[in-house]
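# Close look at the chain arrangement
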Amino acid sequence: QVQLVESGGGLVQPGGSLRLSCVASGSIFSINAMGWYRQAPGKERELVATMSSSGRTTYADSVKGRFAISRENLKNTIDLQMNSLKPEDAAVYYCNAVVVTYRERQYWGQGTQVSVSS
């Protein structure tokens, strides 16, 4: 079994910063893509940023230039540095990983709330 545990959410004022962290643990042979998704109330879950095992990144247009994803493969961690936060960034943020155990499977964390309000 594989678990993804997120941390770092909270309440921040517009223009502020937060850093989200996620660690994967369990019977992991390797991890392919890792990333972050978010879901605001009444909206579908959307991609925020992902990083492949080789370091290739993908960002949603809405966060380019403000968010930065980083990954430590040896520690099975993925971080998301969020700067210049806007009210529209408020959502539950989910860590995601494509993990190879005896097969490849996608896993999700439990989610962490990010609120942006003055």
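I will try to describe carefully the structure that is included in this document. (Residues numbered from 1 in each chain as written. Predicted model: local features only at pLDDT ≥ 70, side-chain atom pairs only at ≥ 80, totals over all residues. Heavy atoms only, no water.)

### Section: the sheet that holds strand β8 (residues 77–82)
What the 4 strands build is an open sheet, ordered β1-β3-β8-β7; its pairing is antiparallel. Each end of this open sheet is capped by a strand with a single partner; those strands are β1 (2–7) and β7 (67–72). On average, each strand axis in the sheet is inclined to that of its neighbour by 15 degrees, with strand direction left out of account. In the sheet, strand β3 (residues 18–26) pairs with β8 via 6 bridges, with the strands oriented antiparallel. Bridge pairing links Val23 to Thr77 in β8. (Pairing = 2+ DSSP bridges. Helix = DSSP H or I, 4+ residues; strand = E, 2+ residues; numbered from the N terminus. Axes fitted to C-alpha atoms, helices over the stretch in contact; angles between N-to-C directions.)

### With respect to the state of the cysteines
Under the counting rule described, the total for this entry stands at 1 disulfide. Disulfide partner of Cys22: Cys95, at an S-S distance of 2.1 Å. Between Cys22 and Cys95 the sulfur-sulfur dihedral comes to about -80 degrees; the bridge is accordingly left-handed. Pair noted here: Cys22 is in strand β3 and Cys95 is in strand β9 (residues 91–100), with a separation of 73 residues, a long-range link. (Disulfide = S-S within 2.5 Å.)

### Details of the pairing of β3
Relative to β3, β1 runs antiparallel, the two sharing 6 bridges. Paired with Leu4 across the two strands is Ala24, which belongs to β3.

### Quick word on the side chain of Asp89
Tracing the backbone shows Asp89 in the loop between β8 and β9. A distance of 2.7 Å separates the side chain of Asp89 from the side chain of Arg66, its partner in a polar contact. At 2.8 Å, the side chain of Asp89 forms a polar contact with the backbone nitrogen of Lys86. Apart from residues lying up to four places away in sequence, Asp89 is in contact with Arg38, Arg66, Phe67, Ser84, Val114 and Val116. (Polar contact = N/O pair within 3.5 Å; in protein donor to acceptor, adjacent residues only side chain to side chain. Contact = heavy atoms within 4.5 Å.)

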